[in-house]
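# Close look at the chain arrangement
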Amino acid sequence: MHDKHSGAKYLPTAGARKVAVVAGVALLVGTGAGAAGCASAADRMEAYKTGRAQTHATADLKRGMNFGDAMDAPNEGEWGWTISASDFKVVREAGFDHVRVPMRISSHAAARAPYAIDRPFLRRMDWAIAEALSNDLGIIIDMHQYVPMMAAPKAHADRLVGLWRQIATRYRGLPRAVVYEVLNEPTNKLTAEIWNPILARAVAAIRQIDPDRLIIVEGAHWASAKDLRDTLAVPAGDPNLIASFHMYAPMYFTHQGFSWMEPQYQTRGVTFPGPPPTPVTPVAGADAFPESHDWFERYNREPPGTNPGGPAAIIEQMEMAKAFADRTGLRIYLGEFGAGVNGDTASRARWVRTARDEAEKRGFGWGYWDFCRNFAAYAQLGFTGRWIPEMRAALVE
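Every value quoted in this text rests on a predicted model; they were computed, and no experiment measured them.

Spacing of three or four residues puts side chains on the same side of an α-helix, whose turn is 3.6 residues. Within helix H1 (residues 41-50) the residues assigned to the buried category are Ala41, Arg44, Met45, Ala47 and Tyr48. Mapping the buried residues of H1 onto a view down its axis gives an arc of 160 degrees, with all of them on the same face. Remark: glycine 51 follows H1 within two positions and exhibits a positive phi of approximately 85 degrees.

Shown next, in the form of structure tokens:
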């Protein structure tokens, strides 16, 4: 077979897949094409740039999955997970249309200008993009875990811009389904006053190279909905910007019992929605902290409509983001939301469905955090795995 639009020649295969012969290399194209033969990521990238390989991936970003704790680790695999080609296939087959791939790019680049990104990491980025596109998934390249920038933002501003110049140059010409996220969760010393002008510089640098690429931007204080509404300044007149926020409310439920959280979040047995059938006794660290003490007091006794552990906490965040959308006209993306594995599965699923419904009701696309780690929707079992049925249903049914 021959595609008159792309110029690629195709070999017949079983099922929905086609094999494109590009520069003498066989490439699988279309749904389920994650294991793209023997072609290198570079070959596949070039084929997508030239149109000789096709993808059905779009930039709609309606329902996505975060591949967290892999490429955003100091080195992929150090946090217990390395992304495999089959992961993209599993996500696509479940009904998702994109993946958000957090990447610790800053830890794999030179400290001095032009801040060259290490070639092995660039090849891994190429691979992730090619796997997503060959599985008909959009992909968000997320600048994640840039910790030094949060501590000394002005000292790292030029470097952030330099990193994005390289990325934009390398991936110029790829399908629109490849989306950029300038920086994950500005926080610490990277306040709104400092972040907004740096963000404008980074967007301008990308635009000089790739005028129409979709770019995701977010506000300070961990990409909070409040900072999205109140402090984020976006470059004017750019129709290809998407504003993002992250939502884990109430965190006493979603982050309960994680060892890396503060003492006030160590109470387990918090269910969703509140009030619980039996009052929950907070741990000493939570009871001693005024905010968490008051939260548990209300959680144990208030009715569902006003309970801080109920849907009202989620709706409040969504309404803040909606206010920004109404004011600016920008598209909104809920880049992260998730319920941690220390909660009971039924409560986790109820929380996820509530958050998803409230986001979709307001026209927000979303990306669930995360695939198979602390907030897992998918359970890894050795070299294979399975969806947690209740979580999968809450996300895609």
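Under the definition given, this model contains 25 aromatic pairs. Taking the centre distance of 4.9 Å and the plane angle of 40 degrees together, the rings of tyrosine 252 and tryptophan 295 count as tilted. Of the two residues, tyrosine 252 is situated in helix H9 (residues 251-254) and tryptophan 295 in helix H11 (residues 290-301); the sequence distance between them amounts to 43 residues. The pair tyrosine 252 / tryptophan 295 is uniform in exposure class, with both members buried. Considering the side-chain rings of tryptophan 295 and phenylalanine 296, the 4.9 Å spacing of their centres and the 85 degrees angle between planes classify their relative orientation as edge-to-face. Taking the relative accessible area as the measure of exposure, phenylalanine 296 reaches 2% and is therefore buried.

Pairing within the closed barrel is parallel, and its 8 strands lie in the order S4-S5-S6-S7-S8-S9-S10-S11. The sheet shows a mean angle of 25 degrees between the axes of neighbouring strands, taken without regard to direction. On top of the sheet, helix H6 (residues 192-209) reaches strand S7 (178-181), strand S8 (215-218) and strand S9 (241-247); it is set at about 175 degrees to S8, its chief contact.

The rules we used
- Residues numbered from 1 in each chain as written.
- Predicted model: local features only at pLDDT ≥ 70, side-chain atom pairs only at ≥ 80, totals over all residues.
- Heavy atoms only, no water.
- Buried < 20%, exposed > 50% of the residue type's maximum accessible area, 1.4 Å probe, protein only.
- Helix = DSSP H or I, 4+ residues; strand = E, 2+ residues; numbered from the N terminus.
- Arc of directions from axis to C-beta.
- Phe/Tyr/Trp six-rings, centres within 6.5 Å; stacked < 30°, edge-to-face > 60°.
- Pairing = 2+ DSSP bridges.
- Axes fitted to C-alpha atoms, helices over the stretch in contact; angles between N-to-C directions.
- Contact = heavy atoms within 4.5 Å.

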